[in-house]
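So the chains spell out like this:
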Amino acid sequence: MDGGLNLHKLIILFGQPRDQLDFAMGWQAFLKMAEQMPGLRRESVSLVEDALYGETRPFKIHEFFFDNRAALDAALASDAGQQAGEWLHQFTGGNFSLLIAPHQEADAKDFNKKGKVRRRSV
């Protein structure tokens, strides 16, 4: 995703659910609402397999990508964003962290010979 976009993402770190079946049903309902947010470009979901270091280990990581911070803020303020946010609190009991970050990535062609990485916004 080039074109000079400064992608921003909304990141949800889900804590370990008490009941995985209830979580799965709640998460599917959440997705139906969240995927209606205006300006959503793509999503990424990771089920955390292991934690190598640290005291906390999220159960699942869900990322929603937007063209820029303004688009992300507009999505959160939209009816779909508000409904998804309310349901997120309900079905998780508040067992999550919500983060906003600019998205950067690098691949092998971005690495220089001294091991430093030149990151680019995508």
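Residues numbered from 1 in each chain as written. Predicted model: local features only at pLDDT ≥ 70, side-chain atom pairs only at ≥ 80, totals over all residues. Heavy atoms only, no water.

Q: Any chance you could explain the sheet that holds strand β3 (residues 60–66) here in plain terms?
A: Note on sheets: strands pair through backbone hydrogen bonds, and any given pair is parallel or antiparallel. Pairing is antiparallel across the open sheet formed by 4 strands, whose spatial order is β2-β3-β1-β4. The sheet terminates laterally at β2 (40–47) and β4 (96–102), the two strands that pair on one side only. Recorded for the sheet is a direction-independent mean angle of 15 degrees between the axes of neighbouring strands. By the bridge criterion, 7 bridges tie strand β1 (residues 8–14) to β3 in an arrangement that is antiparallel. From the neighbouring strand, I12 faces β3, where its bridge partner is H62. Set on the sheet, helix α2 (residues 69–77) makes contact with β1, β3 and β4; between it and β1 the angle comes to about 50 degrees. (Pairing = 2+ DSSP bridges. Helix = DSSP H or I, 4+ residues; strand = E, 2+ residues; numbered from the N terminus. Axes fitted to C-alpha atoms, helices over the stretch in contact; angles between N-to-C directions. Contact = heavy atoms within 4.5 Å.)

Q: What's the story with α2 in this structure? I'm lost.
A: Within the sequence span of α2, burial applies to A71, L72 and A75. Buried residues of α2, seen end-on, are gathered within an arc of 100 degrees and therefore sit on one face of the element. Pointing more than 90 degrees away from the buried face of α2 are the exposed residues A70 and A77. Buried residues in α2 make contact with β1, β3, α3 (79–92) and β4. Residue N68 occupies the N-cap position of α2, its side-chain oxygen lying 3.2 Å from the main-chain nitrogen of A70. (Buried < 20%, exposed > 50% of the residue type's maximum accessible area, 1.4 Å probe, protein only. Arc of directions from axis to C-beta. Polar contact = N/O pair within 3.5 Å; in protein donor to acceptor, adjacent residues only side chain to side chain.)

Q: Would you mind going over the packing of aromatic side chains with me for this structure?
A: Two aromatic rings, taken as a pair, are described by how far apart their centres are and by the angle between their planes. Within the structure shown, the criterion is met by 7 aromatic pairs. The interplanar angle of 90 degrees and the centroid separation of 5.3 Å between the aromatic rings of F23 and F59 together place this pair among those described as edge-to-face. Note that F23 is positioned in helix α1 (residues 20–34) and F59 in the loop between β2 and β3, a separation of 36 residues in sequence. Exposure class is identical for F23 and F59. Each is buried. When the ring of F30 is compared with that of F91, the centres are 6.1 Å apart and the planes differ by 40 degrees; the resulting orientation is tilted. With F30 in helix α1 and F91 in helix α3, this pair connects stretches of sequence that are 61 residues apart. Its relative accessible area of 15% is what places F91 among the buried residues. An aromatic cluster is defined as three or more aromatic residues linked by ring pairs; in this entry it consists of F14, F23, F30, F59, F64, W87 and F91. (Phe/Tyr/Trp six-rings, centres within 6.5 Å; stacked < 30°, edge-to-face > 60°.)

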